[in-house]
Amino acid sequence: MVRNNKRFETSVIHHGYDAKDMLGSLTTPLFQTSTYTFESAEQGECRFAGEEDGYIYSRLGNPTVTVLEERIAELEKGERGLAFGSGMAAVSAILIALTKANDHILCSSGLYGCTFGLLTMMKEKYNIDHDFSEMATKEEIRDLIRPETTCIYVETPINPTMKLIDLKMVSEVAKEYGIPVVVDNTFSSPYLQQPLELGCDVVIHSATKYIGGHGDVIAGLVVGKKDFLDEVAMTTQKDIGGVISPFDAWLLLRGLKTLPIRLDRHCDNAEEIVKRLKTHPKIANIYYPNDTSNPDYAIKEKQMKRGGGVISFEIDGSKEDAQQLLNNLSFLKIAVSLGDAETLIEHPATMTHAVVPEDSRLKMGITDQLIRLSVGLEAWEDIWEDLENALNQL
Ligand SMILES: *Cc1c(COP(=O)(O)O)cnc(C)c1O
């Protein structure tokens with residue numbers, strides 16, 4: 001694919017679309033169609049044979065979706081992008097593409113709850129085993145790699161404990177063995193972290209979060225090498241069918257235009273909230289990548305532009321106190337998901353990570369006192385006032 005030599009803030013708005021091709025329409029048109037007509041039987045034959053470019057059926061491709069796929073590929077500096085109907089449709093398509101029965105996946109020690117559920121199912125149904133690793137050193141990773149390891153799957157920052165993994169280090173070890181590294185980059189978005197530039201092979205996003213940014217779409221995106229994603233498009237995407245709708249692709253193109261300015265505001269607000277949480281007597285621990293007392297701060301400096309909009313913290317109290325804190329809030333919303341304009345707060349042990357068995361959950365650092373805050377775009381003073389009031393009532 002052709003790089004456009006424009007800066008990130010310009011590419012989020014322009015890349016992959018030329019108004020000249022679409023009757024001058026400033027914004028990308030919404031092609032709300034399921035299928036495409038052929039001018040003749042022979043043309044239909046050529047399209048199916050791959051001898052002529054052109055659309056056939058919207059599960060195989062759609063012009064609005066194509067613009068989105070080209071744009072995300074540019075933003076992640078990859079060769080090709082693919083859009084899916086949800087983040088989990090993207091995760092499952094990639095993991096199924098990279099494994100067969102009896103293979104092995106090496107994972108970071110914390111994972112999105114449903115990804116954990118998917119790995120459990122793959123183990124039960126297809127004997128595809130997995131191990132978890134802190135991935136703190138190269139040795140630790142080498143020790144867990146087996147002859148049948150076909151994928152290293154990493155989240156960083158890890159949801160919800162915000163631990164970080166050094167992606168360049170992981171990709172160096174993986175290259176020794178020729179194993180692809182897949183990174184779930186949802187928490188950072190391409191604005192804050194670009195795993196392909198660090199030597200990783202595939203990037204996955206739940207576009208539901210920062211990329212959409214407005215709490216109105218469920219979608220997933222993948223970026224990687226053209227050969228690999230061509231194969232995914234023709235197998236696990238086409239035949240399993242978890243494609244995005246044209247309208248959702250259109251909403252993501254709209255959301256993407258403001259990604260850099262939204263992310264900067266999320267980060268500014270999060271930094272202000274962290275500063276204040278640190279001095280509050282009810283707070284026992286704070287987990288935020290851009291906090292200088294964070295043990296992984298050096299990794300943040302190497303691979304993330306800023307700390308992001310999600311903060312996790314433990315309160316000094318019980319599970320009931322953690323739940324009471326949520327109930328004490330006046331306008332901050334109790335909800336899972338993240339990356340929206342609205343500040344969202346949730347209790348991972350009983351919500352996003354309730355499916356994880358208690359011993360694994362505690363090993364991941366998800367205690368009953370842990371709370372996850374997705375800092376929104378409101379005035380940080382109002383966010384803090386609501387949070388401080390709720391904490392003071394405990
Ligand atoms: C939300 C999320 C997913 C799943 O995405 P959906 O769009 O909800 O299917 C995967 N990984 C991470 C880190 C997420 O936050």
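From a predicted model like this one, the values you see are computed outputs, not experimental measurements.

**Q** Whenever I open this one, the overall build of the chain confuses me. Can you help?
**A** Counting its secondary structure elements, the chain contains 15 helices and 12 strands. What you see for the chain is a C-alpha radius of gyration of 22 Å, in line with the 21 Å of a compact globule of 394 residues. Its C-alpha atoms put the chain at 75 × 50 × 35 Å along the principal axes. Considering the chain as a whole, with its 394 residues, one finds that 53% of them fall into the buried category. Pairs at least 24 apart in sequence give 72% of the contacts found in the chain among residues at least 6 apart. Accessible surface, the chain as shown: approximately 17,000 Å² in total, 51% of it carbon and sulfur. A gap of 3 Å separates the mean positions of the 39 positive and 59 negative side-chain charges of the chain.

**Q** Would you take a moment to explain the sheet that holds strand β10 (residues 333–334) for this structure?
**A** Across a sheet, strands are paired by hydrogen bonds formed along the backbone, either parallel or antiparallel in direction. Read from one edge to the other, the open sheet built from 5 strands follows the order β8-β9-β12-β11-β10, with strand pairing classed as mixed. With one partner strand each, in any of the chains shown, β8 (283–287) and β10 form the two edges of the open sheet. Bridge count between strand β9 (residues 310–315) and strand β12 (residues 370–374): 5 bridges; the pairing is antiparallel. Bridged to Phe 313 within β12 is Ile 371. Of the strands in this sheet, β8, β9 and β12 touch helix α11 (residues 259–277), which is tilted by about 15° from β9.

Calculation rules
Residues numbered from 1 in each chain as written. Predicted model: local features only at pLDDT ≥ 70, side-chain atom pairs only at ≥ 80, totals over all residues. Heavy atoms only, no water. Helix = DSSP H or I, 4+ residues; strand = E, 2+ residues; numbered from the N terminus. Rg over C-alpha atoms; globule rule 2.2 N^0.38 Å. Buried < 20%, exposed > 50% of the residue type's maximum accessible area, 1.4 Å probe, protein only. Contact = heavy atoms within 4.5 Å. Areas by Shrake-Rupley, 256 points an atom, 1.4 Å probe, with all protein chains shown as cover. Lys, Arg positive; Asp, Glu negative; His and termini not counted. Charge placed at Lys NZ, Arg CZ, Asp CG, Glu CD. Pairing = 2+ DSSP bridges. Axes fitted to C-alpha atoms, helices over the stretch in contact; angles between N-to-C directions.

Any functional reading would require information that these geometric values do not contain.
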